[in-house]
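# Topology and contacts: notes
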Amino acid sequence: MIEHAKRVIAFYPVKEPVIEFIRHNENMTFKVTDEVGGKNYLLRIHRPRTAGLSGTQHTLEGLQSEVYLLQELNRRKVIQVQRPVANHADEYVTLYQSEEFGSCYATVLEWLDGEVLTGDEENIGVIAYALGETFAELHNASSGQQLSGLTRPVYGVQSIDSALEELKCGITGGVYTQEQYDTFAEVLNAVKEQLAGLDARQDSWGIIHADVQSGNVIVQGETPHLIDFCLSGYGYYLFDVGSASTALKKEWRPAFLEGYSSRRAFSFDDIRYIEGQIFMDIFISYAMFVRDPASNGWVKEHAVKVCGKCRDFLAGKEVYHLL
């Protein structure tokens, strides 16, 4: 993989690159250090590890839209995100061809220094509140018609229908049982009913990060920053609120919600909707990995744990602090 990274980074103004492989999920990612300029970069080769991780986000138009989104968030000082880097041709998306896997695209972003969120920071309460503020500002940035027309993934009813179809593979693959799948389907159909209620609201839908996990939050002192907008797209704002909540321990979720409500109209009565969006996030994630035996082991383990919470949700019980 390092050889691929060396070939791609040659298209960029990095004079003496030192390359470190990070991971391979939806992209192959590398940390690149320019020993002459002293700057660090994130190199992404947009070739998903499994077919379930591929999508609009890997097309030329999708990547150009992601670049535009990051540039706009920085230009308008909405939140601080990684800045895209242009190649020698002054383009932000590079076409890369190799004998091993054919053609794909690559992008480079400036590195964002800091520590990955663990949830055990001494000032985690302050960080959780600030993280809520960060998401509120991100969502405010696309209210109305702002940031419309981008080519990005869409997280709505069709995403649920696609997930339900894909999740059937988990039964034949022995990842979970028919009974467990039926429970997932019942929950997702209940969530689809919830979406009609969210659609009736004036400002419930827009640009979301869509991949909130502790590894995608970098902390500088008391300030959290979001990274990895690869899966960002259009969805319900409460999808992000739910995902971010599950990235935090239950005792810090109230601080997150308070931070969010300090910058954006929000009702704490929406917990039921947030729970639905958390389940939607969980099962869309299952669908991304369920066909890959090399990476779906966590799905099998998680499915056993989540079924009980699904049944509680269907019974009308609050599960927000249990997910």
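Quick note: structure is the one above.
Residues numbered from 1 in each chain as written. Predicted model: local features only at pLDDT ≥ 70, side-chain atom pairs only at ≥ 80, totals over all residues. Heavy atoms only, no water.

Scanning the protein from terminus to terminus reveals ten helices and twelve strands. Projected onto the principal axes, the alpha-carbon positions of the protein cover approximately 60 × 45 × 40 Å. The buried share among the 323 residues of the protein stands at 53%. In the protein, once contacts between residues fewer than 6 apart in sequence are set aside, the share between residues at least 24 apart is 70%. Accessible area for the protein stands at about 14,600 Å²; split by element, carbon and sulfur atoms hold 48% of it. In the protein, which carries 29 positive and 44 negative side-chain charges, the distance between the mean positions of the two groups comes to 1 Å. (Helix = DSSP H or I, 4+ residues; strand = E, 2+ residues; numbered from the N terminus. Buried < 20%, exposed > 50% of the residue type's maximum accessible area, 1.4 Å probe, protein only. Contact = heavy atoms within 4.5 Å. Areas by Shrake-Rupley, 256 points an atom, 1.4 Å probe, with all protein chains shown as cover. Lys, Arg positive; Asp, Glu negative; His and termini not counted. Charge placed at Lys NZ, Arg CZ, Asp CG, Glu CD.)

Any two aromatic rings considered together are summarised by their centre-to-centre distance and by the angle between their planes. In this structure the tally under the stated criterion is 15 aromatic pairs. Measuring from centroid to centroid gives 5.8 Å for Phe 289 and Trp 298, while their planes differ by 80°, and the two rings are edge-to-face. On the basis of relative accessible area, Phe 289 is assigned to the buried category, the value being 14%. Among the aromatic residues, ring-to-ring pairing joins Tyr 176, Phe 184, Phe 279, Phe 283, Tyr 286, Phe 289, Trp 298 and Phe 313 into one connected group. (Phe/Tyr/Trp six-rings, centres within 6.5 Å; stacked < 30°, edge-to-face > 60°.)

Where helix 7 (residues 237-246) contacts helix 8 (residues 253-263), the axes come no closer than 9 Å and their chain directions differ by 150°. Taken together, the axes of helix 7 and helix 8 lie roughly antiparallel to each other. Once helix 7 is placed against helix 8, the crossing between them reads as right-handed. On helix 8, the residues touching Tyr 237, Val 241, Ala 244, Ser 245 and Thr 246 of helix 7 are Arg 253, Phe 256, Leu 257 and Tyr 260. Classifying every residue of the contact of helix 7 with helix 8 gives six nonpolar, two polar and one charged. (Axes fitted to C-alpha atoms, helices over the stretch in contact; angles between N-to-C directions. Parallel < 35°, antiparallel > 145°, perpendicular 65-115°, else oblique. Left-handed = near helix turned anticlockwise from the far one by under 90°. Nonpolar A, V, L, I, M, F, W, Y, C, P; charged D, E, K, R; others polar.)

Looking now at the sheet that holds strand 11 (residues 223-226). Within a sheet, neighbouring strands are paired by backbone hydrogen bonds and run either parallel or antiparallel to one another. Reading across from one edge, 7-10-11 is the order of the three strands in this open sheet, with antiparallel pairing throughout. Of all the strands in the sheet, the pair left with one neighbour each is strand 7 (115-116) and strand 11. In the sheet, strand 7 pairs with strand 10 (residues 217-220) via two bridges, with the strands oriented antiparallel. Of the residues in strand 10, the one forming a bridge with Val 116 is Ile 218. The strands that helix 3 (residues 124-140) touches are strand 10 and strand 11; relative to strand 11, the one it contacts most, it runs at about 40°. (Pairing = 2+ DSSP bridges.)

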